[in-house]
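So the chains spell out like this:
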Amino acid sequence: MSVFEDGSYSCTPGIALIGKVLAGRCSMRYTRAAVGKGQIPGGETPKTMTEPADYVMDAKISSVTNQVNGECQITVQINSSDVETGFYATGILLYAEDPDDGEVPYTYLVLENGPEWIRPSSSVVGKLATFDLIAAVGDVDKVTATIDPDSILTISAAEQLLSEHNSDPQAHPEIQQALEECLGASALTIDITIPTSNWVEDSDTSGAYALHTDIASEQITQEMIPILTILPEAQATARACEMSTASRTIDKALRVYAQKIPAQDMPASLSLLGGGSDVGGGSAYRLPVATATRLGGVKIGGGVNAKDDGTISVNVTQALQEAAATGEGVAEMLETVFEET
């Protein structure tokens, strides 16, 4: 058990930086966040740490919200696709830019009493872990951060940005358009029930979970990305059966995982990202039709063949035979073929 309660702690260099910002010497800018898996050594405190205990990797800064009552919230992400070996995250250290000392530790998020398991990229079930660091900023008017371009924009974050820009649509029209396209192509949301029946022994997660069950839905495809939310009235049941926070889409079903069979059915909300078609009334992405000036989708016509890897070839003999069978002029077909080749 850690001697420090889980939460955000201001680092000594960060407190000094606030004074420099207030004096007009620099602006407040967060540069990166680092993740560790160890315990804070004896004789050290979160305020004195210059790197996270037993550093593992950098996390992605995905957003920063300017302060309310002298505080600022910084959201960081860890994607399991970036993790070679799984580990328990026990601390995250946020860094900021100092005009005299360069990059300095600013806020340390302690997670030692409730470490977060970060799955490796080899795991069948992926994971996106999100952490919010609360940083003290005093009377600083504006706070910025180096946002990682590979961080994932959540629907709630996109909706917040849209709301902010709606107050002045002309301020950043290109961002407004991008956000609207993101939301429009993003998700189909359906209500589901996680049942007490049809649970079977699991082999997907290599022993991480004992059981899984498949919840059938014609609207689900394997390419979709699931975001499963257990409704509040069922969360106690989910905790009791040690239900996984991750799920998996397969064709026409959602697979969920748990250590024990739940005591009762659990209502949930399922958001499905992607999928490529307007299923169930959702606003999924539609591939435009190709034209002479626009990239897009095409269908394979007569005399044209496509292999499984997408390679296209033209069979002139087949094209002529199909033209003759359909009554199309062979002379015109020959002229077209020779013009195109």
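Model, not experiment: these values are computed from the prediction.

About the cut-offs
- Residues numbered from 1 in each chain as written.
- Predicted model: local features only at pLDDT ≥ 70, side-chain atom pairs only at ≥ 80, totals over all residues.
- Heavy atoms only, no water.
- Helix = DSSP H or I, 4+ residues; strand = E, 2+ residues; numbered from the N terminus.
- Buried < 20%, exposed > 50% of the residue type's maximum accessible area, 1.4 Å probe, protein only.
- Contact = heavy atoms within 4.5 Å.
- Areas by Shrake-Rupley, 256 points an atom, 1.4 Å probe, with all protein chains shown as cover.
- Core = buried A, V, L, I, M, F, W, Y, C linked by side-chain atoms within 4.5 Å.
- Pairing = 2+ DSSP bridges.
- Arc of directions from axis to C-beta.
- pLDDT = per-residue confidence, 0-100.
- Phe/Tyr/Trp six-rings, centres within 6.5 Å; stacked < 30°, edge-to-face > 60°.
- Salt bridge = Lys/Arg side-chain N within 4 Å of Asp/Glu carboxyl O.

Let us look at the overall build of the protein chain. Along the protein chain, the regular secondary structure elements total six helices and 19 strands. When burial is assessed residue by residue, the protein chain has 36% of its 341 residues classed as buried. A separation of at least 24 residues holds for 68% of the contacts in the protein chain among residues at least 6 apart in sequence. A total accessible area of about 19200 Å² is found for the protein chain, and carbon and sulfur atoms account for 51% of it.

Let us now look at the nonpolar core. Met28, Tyr30, Val76, Ile78, Ile92, Tyr106 and Phe131 are the most contacted members of the largest nonpolar core, which has 33 residues in total. Not counting residues within four places of it along the chain, the set of residues in contact with Met28 comprises Leu17, Ile18, Val21, Tyr106, Val140, Lys142, Val143 and Thr144. Membership of the second largest hydrophobic core comes to 22 residues, among which are Trp199, Ala234, Ala258 and Leu272.

With that settled, consider the sheet that holds strand β16 (residues 253–258). The four strands are arranged β12-β13-β16-β15 in an open sheet whose pairing can be described as antiparallel. Only two strands of the sheet have a single neighbouring strand rather than two, namely β12 (200–201) and β15 (243–250). Examined bridge by bridge, β15 and β16 share five bridges and lie antiparallel to one another. Within the sheet, the bridge partner assigned to Ile250 lies in β16 and is Ala253.

The next subject is unusual backbone geometry. Its identity is not glycine, yet Asn198 carries a phi of approximately 65 degrees, on the positive side. Here Asn198 is to be found in the loop between β11 (187–194) and β12. Accessibility expressed as a relative area gives 61% for Asn198, which makes it exposed. In the Ramachandran plot, Glu242 falls in the positive-phi region, its phi being about 55 degrees despite a non-glycine side chain.

In the sheet, strand β2 (residues 28–36) pairs with strand β10 (residues 143–145) via three bridges, with the strands oriented parallel. Bridge pairing links Arg29 to Thr144 in β10. In this sheet, strand β6 (residues 91–98) lies alongside β2 in antiparallel orientation, the contact comprising six bridges. Bridge pairing in β6 places Arg32 opposite Tyr95. Relative to strand β3 (residues 55–65), β2 runs antiparallel, the two sharing four bridges. Within β3, the position partnered with Gly36 by the bridge is Tyr55.

Since the α-helix packs 3.6 residues into each turn, any two residues three or four apart lie on the same face. Gly14, Leu17, Ile18, Lys20 and Val21 are the residues of helix α1 (residues 12–22) that are buried. On an axial view of α1, the arc spanned by its buried residues comes to 165 degrees, and they lie on one face. Structurally, α1 contributes buried residues whose contacts are with β2, β6, β7 (102–110) and β9 (128–136).

Residues at a pLDDT of 70 or more form 73% of the protein chain, whose mean pLDDT is 80. Taken as a whole, residues 276–285 scores under 50 in pLDDT and shows 22 contacts with residues more than four places along the chain or in a different chain.

Two aromatic rings are characterised by how far apart their centres lie and by the angle between their planes. Scanning the model with the defined rule gives three aromatic pairs in all. Ring centres of Phe4 and Tyr9 lie 6.3 Å apart, and the angle between their planes is 75 degrees; this geometry places the pair in the edge-to-face category. A residue is classified by how much of its surface remains accessible, and Tyr9, at 23% relative accessible area, is partly exposed. Pairing Tyr30 with Tyr106 gives two aromatic rings, centres 5.2 Å apart and planes at 65 degrees, and the pair type is edge-to-face. Taken together, the positions of Tyr30 in strand β2 and Tyr106 in strand β7 put the pair 76 residues apart, joining distant regions of the chain. Here Tyr30 matches Tyr106 in class, with each residue buried.

This brings us to the side chain of Thr107. Following the sequence through the fold, Thr107 ends up in strand β7. With sequence-adjacent residues up to four places away left out, Thr107 is seen in contact with Ser8, Tyr9, Cys11, Ile92, Leu93, Leu94, Leu133, Ile134 and Ala135.

What follows deals with the pattern of salt bridges. Counted under the stated rule, the structure contains 10 salt bridges. Here Asp100 makes a salt bridge to Arg25, at a shortest N to O gap of 2.7 Å. Of this pair, Asp100 sits in the loop between β6 and β7 while Arg25 sits in the loop between α1 and β2, and the two are 75 residues apart along the sequence. We classify Asp100 as partly exposed; its relative accessible area is 45%. Between Asp204 and Arg248 there is a salt bridge, and its shortest N-O distance comes to 2.7 Å. With a gap of 44 residues between them, Asp204 in the loop between β12 and β13 (211–216) and Arg248 in strand β15 connect regions that are remote in the sequence. With relative accessibility at 27%, the residue Arg248 sits in the partly exposed group. Each of Lys20, Arg25, Asp98 and Asp100 takes part in salt bridges that share partners, so that together they form one network.

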